Amino acid sequence: MASNTSSTTSTSSTISITHELIRSHASPESMRRGQDYHVGARVGSLSLRDDILTATVRGSDIEPYTVRATIRDGSFASVSCSCPYDWGDWCKHIVAVALALEERGGSVEVRPSLRSRLDSLDRDALVNLVSRLAESSQTTEAAIERLLTVVEIASGDVEAQRDGARDLVDVL
């Protein structure tokens, strides 16, 4: 698998995927509908960051669904989709992504890890990035607050420990 730590360039990698593998993980209905999605060009960009393949698929919802696959030794180790499908085999979105990947000969863009990109930023740029991320969603802001509390507690900040205990009591 190709590796790249540069923040501005990407390379490609090849993932082993076959029609037989796809069929072995999909019901006939998911296979048929996934083929329709693939032919209908509903699969967005495919990219690999570290060992996670990510793709978006335009479905019936307003927001596209996200398919994530963990890649080990050049093939799928595990795969998930953000859609509500829950019947054990691959959903039509995963099938569509796998078919798109097969059509490309398994070739996928490799992006540098987020860690390497974040490591290259100075403190002000990181603060700005996190602040903008927090402003984009109340859920994200709350998650950042929780993580900050954990970091402060772990650092031995007594005031943060008291606040964290109060927050825990409030939740309970």
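Data block above holds the structure.
The present account deals with the structure reproduced in this document. (Residues numbered from 1 in each chain as written. Predicted model: local features only at pLDDT ≥ 70, side-chain atom pairs only at ≥ 80, totals over all residues. Heavy atoms only, no water.)

1. Things to note about the nonpolar core
Now for step 1: Formed by 31 residues in total, the largest nonpolar core has its most connected members in Ile22, Leu46, Leu53, Phe76, Trp90, Val97 and Leu101.
Now for step 2: Where this core is concerned, the elements lending two or more residues are helix H2 (28-39), strand S2 (43-49), strand S3 (52-57), strand S4 (65-72), strand S5 (75-81), helix H3 (92-103) and strand S6 (107-111).
Now for step 3: Looking at this core, the element that brings in the most residues is H3, giving eight residues.
Now for step 4: When near neighbours in sequence (up to four residues on either side) are disregarded, Trp90 contacts Ile22, His25, Ala26, Ser30, Phe76, Val79, Tyr85, Val95 and Ala98. (Core = buried A, V, L, I, M, F, W, Y, C linked by side-chain atoms within 4.5 Å. Buried < 20%, exposed > 50% of the residue type's maximum accessible area, 1.4 Å probe, protein only. Helix = DSSP H or I, 4+ residues; strand = E, 2+ residues; numbered from the N terminus. Contact = heavy atoms within 4.5 Å.)

2. Focus: H2
For the α-helix, the turn length of 3.6 residues means that residues three or four positions removed from each other point alike.
Now for step 1: Given a rise of 1.5 Å per residue, 12 residues ought to cover 16 Å, and the 16 Å separating the end C-alpha atoms of H2 matches this to within 8%.
Now for step 2: The complete set of buried residues in H2 reads Ser30, Met31, Gly34, Tyr37 and His38. Looking down the long axis of H2, one finds its buried residues gathered within 125 degrees of arc, a one-sided arrangement. Residues Pro28 and Val39 are exposed on H2 and point more than 90 degrees away from its buried face.
Now for step 3: Buried residues in H2 make contact with helix H1 (19-25), S3 and H3.
Now for step 4: Ala41, located one to two residues past H2, shows a positive phi value of around 55 degrees. (Expected span 1.5 Å × (residues − 1). Arc of directions from axis to C-beta.)

Geometry only, nothing functional implied.
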